[in-house]
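# Structural features, examined
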Amino acid sequence: MQTAPSSAQEPALAQPAPIRRLLSLDALRGFDMFWIMGGEEIFHVLARTTGWAWAVLMADQFTHVAWNGYRPYDNIFPLFLFLAGVSTPYSLGSRLARGHNRAALARKVIQRGLILVLLGVIYNNGLFVKPFAELRFPSVLGRIGLAGMFAQLIYLYVRSERSRYALFAGILLGYWAWLVLIPVPGAGAAGSLTMEGSWVGYVDRLLVPGRLHKGIHDPEGLLSTLPAIGTAMLGIFAGTLLHRRDVGDRFKLQRLVLAGVICLALGWLWNLVFPVNKNLWTSSFVLVAGGWSFLMLALFYWIIDIQNSRRWAFFFVVIGTNSILIYLAGEVIDFEHAAHYLFGGLLAFFSEPVRALGGVLAFLAVKWGFLYVLYRQKLFLRV
């Protein structure tokens, strides 16, 4: 029987240096999730109870635009999807580099996407609570699942980065052409971008079962998931840059900032003929939201990973490492009741404005404490 050569006979093969984990990615995801889990209510409570001008202004910024336009709160959802894309070269890219089978990875990507769709349906409707006709199938998690899934499949099978950029441009241009140049059946001339007359609502009413969130339109509907793939692809472009070993941190930072500025400029230029609209997830919205996502990632990357200022980020890292779990947990755990049980008696000694603000802070503290326990026990929901 042939024996393996000893280490003295043959030198060990050199192993590539491990890619460091991006703490800025977890921190930015946690920062994003902080507002989803109730952080924005701080400004709304201050605006209601004090009437301070700055609080009223901030509260207004933490609401969604009714239709066309953009506010910072509109960036929370696309930033989360963007960050899912950023992690792709670190997860899938590293496995490909280690020789993992591409088809097996694709099966896992599809499985994860479909699980998120299912979790989104459960989040919207519960388990066997509503009749089929009243179920809402589109969801935030469903969009993350489907858009992220297709973006990751593109990453797996479109190997040329130039081809990925071309496909990204094709998705945005194709979506624009579909919505603007092709007449909607029964709606008259082409180019209607209203809730009632757009292709987005028409396709959802035609193909999506159950009910739509706004009756005639769903902001997480089927057709508008197409440009959301572009949002995830922007994240993949950022992650591919950060994953590179042949360039330094300063180069990466400059490219992130440049990409953000270019996306913002192109998005607002496109807005002149194709409005920035989160409900329709227009191509211009993809670029504007993507531009701000690039810049926010650059800021967190510079502070945390380049300047090595990390202690402050721990608060957000605890949230970011279990972001899907805390999103789902609010539907099955009564954090508000727990906050009142633990802090309500103490807050009763204070005036109404202090009680209102304290109630929000207590609610957030209970949620963060729950996540901290899971973090210390290394319990993370991985889909």
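In what follows, the structure referred to is the one given above.
This write-up is about the structure you can find in this document. None of these values were measured; they are calculated from a predicted model.

### Some thoughts on the nonpolar core
Among the nonpolar cores identified, the biggest contains 106 residues, and Phe82 and Leu256 are the most heavily contacted of them. Top element by residues in this core is helix H12 (residues 283–306). It accounts for twelve residues. If near-sequence neighbours (up to four positions away) are discounted, phenylalanine 82 is found in contact with Thr231, Leu234, Gly235, Ala238, Gly290, Ser293, Phe294 and Leu297.

### Here we look at the pattern of salt bridges
It is possible for side chains bearing opposite charge to pair when their charged atoms get close. What the rule picks out here adds up to eight salt bridges. Among the salt bridges present, the one from arginine 71 reaches aspartate 60, with a minimum N-O distance of 3.9 Å. Placement of arginine 71 in the loop between helix H3 (53–61) and helix H4 (76–86) and of aspartate 60 in helix H3 is noted, with a sequence separation of eleven residues between them. Residue class for aspartate 60 comes out partly exposed when judged on its relative accessible area of 36%. Arginine 244 is paired through a salt bridge with aspartate 246; the nearest N and O atoms lie 2.9 Å apart. You can call arginine 244 partly exposed: its relative accessible area is 32%. The network of salt bridges with common partners includes Arg136, Asp218 and Glu220.

### A closer look at H4
Burial analysis of H4 places ten of its eleven residues in the buried class, the great majority of the element. Within the sequence span of H4, burial applies to Ile76, Phe77, Pro78, Leu79, Phe80, Leu81, Phe82, Leu83, Gly85 and Val86. Tucked into the core, H4 has its buried residues touching helix H1 (23–39), helix H5 (88–97), helix H7 (140–157), helix H10 (225–243), H12 and helix H14 (323–329).

### Description of the packing of aromatic side chains
Scanning the entire structure with this criterion turns up 32 aromatic pairs. Measuring from ring centre to ring centre gives 5.3 Å for tryptophan 368 and tyrosine 372, while their planes differ by 10°; the resulting arrangement is stacked. Of this pair, tryptophan 368 and tyrosine 372 are both found in helix H16 (residues 352–376), four residues apart, which corresponds to roughly one turn of the helix.

### Looking at helix H11 (residues 249–270)
For H11, spanning 22 residues, the distance from its first C-alpha to its last is 31 Å, which sits close to the expected 32 Å at 1.5 Å a residue. Of the residues making up H11, those classed as buried are Lys252, Leu253, Leu256, Ala259, Gly260, Cys263, Leu264, Gly267 and Trp270. Buried residues of H11 fall within an arc of 140° about the axis and therefore sit on the same side. For H11, the exposed residues lying more than 90 degrees away from the buried face are Gln254 and Leu269. Buried residues belonging to H11 abut helix H8 (161–181), H10 and H12.

### Notes on a nonpolar patch on the surface
A surface patch of nonpolar side chains, amounting to about 620 Å² of accessible area, comprises Leu258, Ile262, Leu266, Leu269, Leu272 and Val273. Topologically, isoleucine 262 is positioned in helix H11.

Criteria and cut-off values
- Residues numbered from 1 in each chain as written.
- Predicted model: local features only at pLDDT ≥ 70, side-chain atom pairs only at ≥ 80, totals over all residues.
- Heavy atoms only, no water.
- Core = buried A, V, L, I, M, F, W, Y, C linked by side-chain atoms within 4.5 Å.
- Buried < 20%, exposed > 50% of the residue type's maximum accessible area, 1.4 Å probe, protein only.
- Helix = DSSP H or I, 4+ residues; strand = E, 2+ residues; numbered from the N terminus.
- Contact = heavy atoms within 4.5 Å.
- Salt bridge = Lys/Arg side-chain N within 4 Å of Asp/Glu carboxyl O.
- Phe/Tyr/Trp six-rings, centres within 6.5 Å; stacked < 30°, edge-to-face > 60°.
- Expected span 1.5 Å × (residues − 1).
- Arc of directions from axis to C-beta.
- Patch = residues over 30% accessible without salt bridge, like charges linked within 9 Å, V, L, I, M, F, W, Y side chains within 5 Å.
- Areas by Shrake-Rupley, 256 points an atom, 1.4 Å probe, with all protein chains shown as cover.

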